[in-house]
Amino acid sequence: MKIHEYQAKELFKEYGVPVPQGAAAFSEEEAVTTAQSLGGWPVVVKAQIHAGGRGKGGGVKLASGEDEVKSLAAQMFGMNLVTHQTGPEGKEVKKLLIEAGQNIEKELYLSLLVDRETACVVIMASRAGGMDIEEVAEKTPEEIIRVYVNPLMGISPYQLREAAFGLGLPSAAMKPFMKLLNNLYDFFVKNDCSLVEINPLILTSEHEVLALDAKVDFDSNAMFRHKELAELRDLDEENPLEVAASKYNLNYINLDGNVGNIVNGAGLAMATMDIIKNAGAEPANFMDVGGGATAEMVENAFRIILSDDKVKAVLINIFGGILRCDIFANGVVEAAKSTGLDIPVVVRMEGTNVEEGKKILAESGLKLTSADDLTDAAEKIAAAVN
Ligand code: GDP
Ligand code: MN
C-alpha cells in the first residue's frame, strides 16, 4: 500500500527522520496560508500523486511570494500530471505539499527494501541523488552501496558507518546521517514497509541532513495489524477495478491486454497468462478468485472483468478442488445474466462436480464456448480476439 509524500513525511517526523518544515494543502487558500506560516521564501509547491518523476513533469516548483504560490496552486490543482511512472494517461492532482525551500548543497540517494534472496533488509545508498536510480544502477552500478541488515539482528553501528562512509559525507554530517538511518530502519521494521525511498536526501548549506522526498510502500498483507496506517490509503490513486476487487477479497491486477481471465489459484493464473501469450493474445488482467470462492465472489469477479472496456473476450480456467465446478458455474451464470454478457467467453473446467458444472453452463442459454484442455482454451480465446 502506497501513501503520499506528505503522509510519509508526517510519519518520518514521528520517528526522528528530519524533513523540511511544511504541510499539505487541499485548496488554493490553504496553500497560501501554509506558505505564509513557513516564515520565509522561497517555498516549494509539490503535487501529491502516487508516482515519482514529478519534478520533470512540472509538479515541483519554487515560489518566491504569495502571488506565485497562489498561481502555482491554481495551476497544479486539477492538473493532469504526466511522469514516466504515471503512464501517458497521467494522474489528476488533488493535493499539494507546501514546504520551506532548502539550500541544497548535495543530493544523495537512500532507500531501504526487502531483499527476498538474502531475507534481509537492504540499505541502498548513492552519491548520485536526485537522479533516476534505475539509470544509475544500469550505467554506474559501482556508485550504489548496499548494506544488508539481518532483521533478527537489527541494524548495527558498523552498518550505519558503512553507509555513511560509502556516501563520502563531510564529517559534520556523519552523526546526523547515522541517526537518521537508524531511525529510518526503525520506521521501516515497525511499520512493515516493503520500500522506503528518499530521493533526494540532501545536505543543506547549514549542514543539515534532510529527507527532501519520501516514498513509502507498506506490505499490504500486514495492514491488518496497522489500523492507523490503513487510514492513509488514498483510493483516488488506485485503479477503481482493483479497489472494487479488494472489497470482495479477489486477487486482481489490471493489465494492458484484451483477454479477461478468471482463474482459481495464483499459480494457475500465472500459467493461464502464459498460455494466452503463447497463443498470440494478451491478458487484460490477473484474476484469482481463490480456492474457497463462493458463487457471489465468482459473480463479482465476472462483473468486474466485464466492466473493463478493453476486455474483448473472457477465458475462464477453473480447476475445481475446494471450489466446486457447479458452484462456480452458478456464479458465472448469475453474473452473465445481470451484466448482459455480449462478448465471447471460453470455459475450461476440470475437477469436483465438473459434469454438474458443465450442465449448468449448457442449460443456461448463454453463448459459452467450452474447451477440452488448456491448449484448446488458449487457441479458442486467441481466435476470439484476433
Ligand atoms: P520527484 O521528481 O517526484 O522525485 O520529486 P522530488 O521531491 O524529488 O523533487 C524533485 C526535485 O526538486 C529535487 O530533486 C530537487 O532538485 C528539487 N527540489 C525540491 N525541493 C527543493 C527545495 O526546497 N529547494 C531546491 N532548490 N530544490 C528543490
Ligand atoms: Mn524524488
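The shown structure was predicted, so the numbers you read here are calculated from the model rather than taken from an experiment. The residue numbering used here restarts from 1 in each chain and proceeds along that chain's sequence as written. Going through the entries in the order they are written, you letter the chains from A and number the ligands from 1. With pLDDT at 70 or above as the cut-off, local features in this predicted model cover only qualifying residues; side-chain atom pairs require 80 or more to be listed or tallied, and sums for whole chains, interfaces and linings still use all residues. With hydrogens and water excluded, all non-hydrogen atoms of the structure serve as input to the side-chain values.

Turning next to the overall build of the protein chain. Helix and strand counts for the protein chain stand at 14 helices and 18 strands. Dimensions of the protein chain along its principal axes, counting C-alpha atoms only, are 75 × 50 × 40 Å. Think of it in three bands: with a 1.4 Å probe and only protein chains considered, a residue is buried below 20% of the maximum accessible area for its type, exposed above 50%, and partly exposed in between. Evaluated residue by residue, the protein chain yields a buried proportion of 49% over its 386 residues. Here a residue-residue contact requires only that any non-hydrogen atoms of the pair lie within 4.5 Å. Considering only intrachain contacts with a sequence separation of at least 6, the fraction spanning at least 24 residues in the protein chain is 67%. Charged-residue counts in this description rest on Lys and Arg as positive and Asp and Glu as negative, His and the chain ends being excluded. Charge coordinates come from a single atom per side chain, which is NZ of Lys, CZ of Arg, CG of Asp or CD of Glu. Each charge class in the protein chain was averaged separately, 36 positive and 57 negative side chains, and the resulting centres sit 1 Å apart. Secondary structure follows DSSP: runs of H or I at least 4 residues long count as helices, runs of E at least 2 residues long count as strands, and numbering of each begins at the N terminus.

It is worth spelling out helix H10 (residues 266-278) at this point. Owing to its 3.6 residues per turn, the α-helix brings residues three or four apart onto one side. What a helix should span is 1.5 Å times the count of its residues minus one. Over its 13 residues, H10 runs 18 Å from end to end, which matches the ideal 18 Å to within 8%, given 1.5 Å per residue. Along its buried surface, H10 packs onto strand E14 (259-263), strand E15 (285-288), strand E16 (313-320) and helix H14 (374-385).

For Na, K and Ca the donor cutoff is 3.2 Å, while for all other metals N, O and S atoms must lie within 2.8 Å; water is not among the atoms, so some sites may look incomplete. Taken together, Asn199 (O) and Asp213 (OD) make up the full set of protein donors to the manganese ion (ligand 2), lying 2.1 Å away. A residue pair is termed long-range when its members are at least 10 positions apart, and asparagine 199 in strand E10 (residues 193-204) and aspartate 213 in the loop between strand E11 (209-211) and strand E12 (215-218) qualify at 14 residues.

Moving on, we get to the sheet that holds strand E3 (residues 60-63). Taking strand neighbours across the sheet as the criterion, the four strands line up as E1-E6-E2-E3 in an open arrangement whose pairing is antiparallel. Bordering the open sheet on either side are strand E1 (22-25) and E3, each of which pairs with just one other strand. Put simply, the sheet's adjacent strands are angled 25° from each other on average, direction ignored. When DSSP finds at least two bridges between two strands, those strands are taken to pair. One ladder, built from four bridges, connects strand E2 (residues 43-47) with E3; its direction is antiparallel. For valine 45, the partnering residue across the bridge sits in E3 and is lysine 61. Across the sheet, helix H1 (residues 5-14) is in contact with E1, E2 and strand E6 (96-100); its angle to E6 comes to roughly 50°. Seen against the sheet, helix H4 (residues 66-76) touches E2, E3 and E6 and runs at an angle of roughly 160° to E3. Note on geometry: axes are lines fitted to C-alpha atoms, helical ones only across the stretch in contact, with angles between N-to-C directions running from 0 to 180 degrees.

Relative to the assigned elements, aspartate 308 resides in the loop between helix H11 (295-306) and E16. Polar contacts, as used here, are pairs of N or O atoms within 3.5 Å; protein pairs need one atom able to donate a hydrogen and one able to accept it. Residues neighboring in sequence count only if both atoms are side-chain atoms. Engagement of the side chain of aspartate 308 in a polar contact is seen with the side chain of lysine 310, the distance being 2.8 Å. Excluding its chain neighbours within four sequence positions, the residues that come into contact with aspartate 308 are Leu241, Tyr252, Asn254 and Ala284.

Right, let's talk about the domain arrangement of the protein chain for a bit. All domain edges in this entry derive from an automatic or database-based domain assignment. In terms of domains, the protein chain is made up of domain 1 (20-101), domain 2 (103-236) and domain 3 (238-385). When each unit is reduced to the centre of its C-alpha atoms, the spacing between domain 1 and domain 2 is 24 Å. With eleven residues of domain 1 in contact, the opposing surface of domain 2 contributes nine residues. When domain 1 packs against domain 2, the two sides together hide about 710 Å² of surface, and 32% of this comes from carbon and sulfur. Note on terms: buried area is the combined drop in 1.4 Å-probe accessible area of two parts once they are placed together, counting the loss on both. Broken down residue by residue, the surface that domain 1 buries against domain 2 is led by Pro20, Lys94 and Lys95, which jointly contribute 42%.

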